[in-house]
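# Architecture and fold: a report
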Amino acid sequence: MPLGDLFAGKATPAVENLAPGAVLLRGFAAGKAAEMMAALERVVAAAPFRRMTTPGGYVMSVEMTNCGQVGWVTDRRGYRYQVTDPATGKPWPAMPPEFARLAARAAGAGGYEGFVPDACLVNRYEPGARLSLHQDKDERDFDAPIVSVSLGLPAVFLFGGARRSDPTRKIRLESGDIVVWGGPTRLFFHGIAPVADGEHPLTGRCRINLTFRKAL
Ligand code: MD6
Ligand code: FE
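Residues numbered from 1 in each chain as written. Chains lettered and ligands numbered in written order. Predicted model: local features only at pLDDT ≥ 70, side-chain atom pairs only at ≥ 80, totals over all residues. Heavy atoms only, no water.

Moving on, we get to the site of ligand 1. Taken together, 14 residues sit near ligand 1, with Y125, D136, S148, H190 and R207 positioned nearest. The contact in question runs from an oxygen atom of ligand 1 to an N or O atom on the side chain of H134, over 3.1 Å. At a separation of 2.8 Å, an oxygen atom of ligand 1 approaches a polar side-chain atom of R207. With the chains in place, 99% of the 340 Å² that ligand 1 exposes on its own is no longer accessible. Of all the elements, strand β13 (residues 207–213) adds the most residues to the shell around ligand 1, at 3 residues. Grouping the constituent residues of the shell around ligand 1 by class yields 6 nonpolar, 6 polar and 2 charged. (Near = heavy atom within 4 Å. Polar contact = N/O pair within 3.5 Å; in protein donor to acceptor, adjacent residues only side chain to side chain. Areas by Shrake-Rupley, 256 points an atom, 1.4 Å probe, with all protein chains shown as cover. Helix = DSSP H or I, 4+ residues; strand = E, 2+ residues; numbered from the N terminus. Nonpolar A, V, L, I, M, F, W, Y, C, P; charged D, E, K, R; others polar.)

Six octahedral donors around a metal ideally make angles of 90 or 180 degrees; four tetrahedral donors ideally make 109.5 degrees. Around the iron ion (ligand 2), the protein contributes the donor atoms H134 (NE2), D136 (OD) and H190 (NE2), which lie 2.1 to 2.2 Å from the metal centre. As a motif over one chain, the donors of the iron ion (ligand 2) read H-x1-D-x53-H. What makes H134 partly exposed here is its relative accessible area of 22%. (Donors = N, O, S within 2.8 Å, 3.2 Å for Na, K, Ca; no water. Buried < 20%, exposed > 50% of the residue type's maximum accessible area, 1.4 Å probe, protein only.)

Applying the stated criterion to the full structure yields 16 salt bridges. When the shortest N-O distance is used, the salt bridge between R26 and E16 registers 3.0 Å. Pair noted here: R26 is in the loop between β2 (22–25) and α1 (33–46) and E16 is in strand β1 (residues 15–19), with a separation of 10 residues, a long-range link. Among the salt bridges present, the one from D75 reaches R77, with a minimum N-O distance of 3.7 Å. (Salt bridge = Lys/Arg side-chain N within 4 Å of Asp/Glu carboxyl O.)

Rendered as structure tokens:
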């Protein structure tokens, strides 16, 4: 199948290589954005957004929730994946099939066939919220990529290198953009600059990011 067919309604795929192992698929999720938001509403009804505390005692500006077999959490005891939502004591809601399908399709377009995520961390940014430079290293399997879907307000993705002190590139992410990130870049530092105020027809006054991982 031509790669272009993977992009619903688009003649030309916009695959942008960020670095060996990392690609930006502009607009890849645009045709599925409303469906994703509808599924997300059902997730959030069972596992509401909340602001978590870092091990250092800071309350994060980004609100988070999860779906899938395990969810990423942080508190004074550290960062980890766990089966239950600490806010409800119940297992995280199952990953909606449309989430898993989109993530697998995007991973394939980025060169990672057979991606089966078991965790989806959902980030919600109100204007001013940010995510400081970090590595995603709480997963057991660094061979699998991370697939990151942006919805709603745009943001500036800070894309660094293997060391915290490496220079960062600034990449504007719009609603429907997907970053697939693995291989040699899997442990690169990255973050999100403070989100600018605005209104988006899909989400209102916020940005939503879904990151799909193979954590187990
Ligand atoms: C965000 N994303 O876009 C935060 N991590 O809101 C991440 O932290 C991230 O986009 C690993 C791989 C891709 C990402
Ligand atoms: Fe991350």
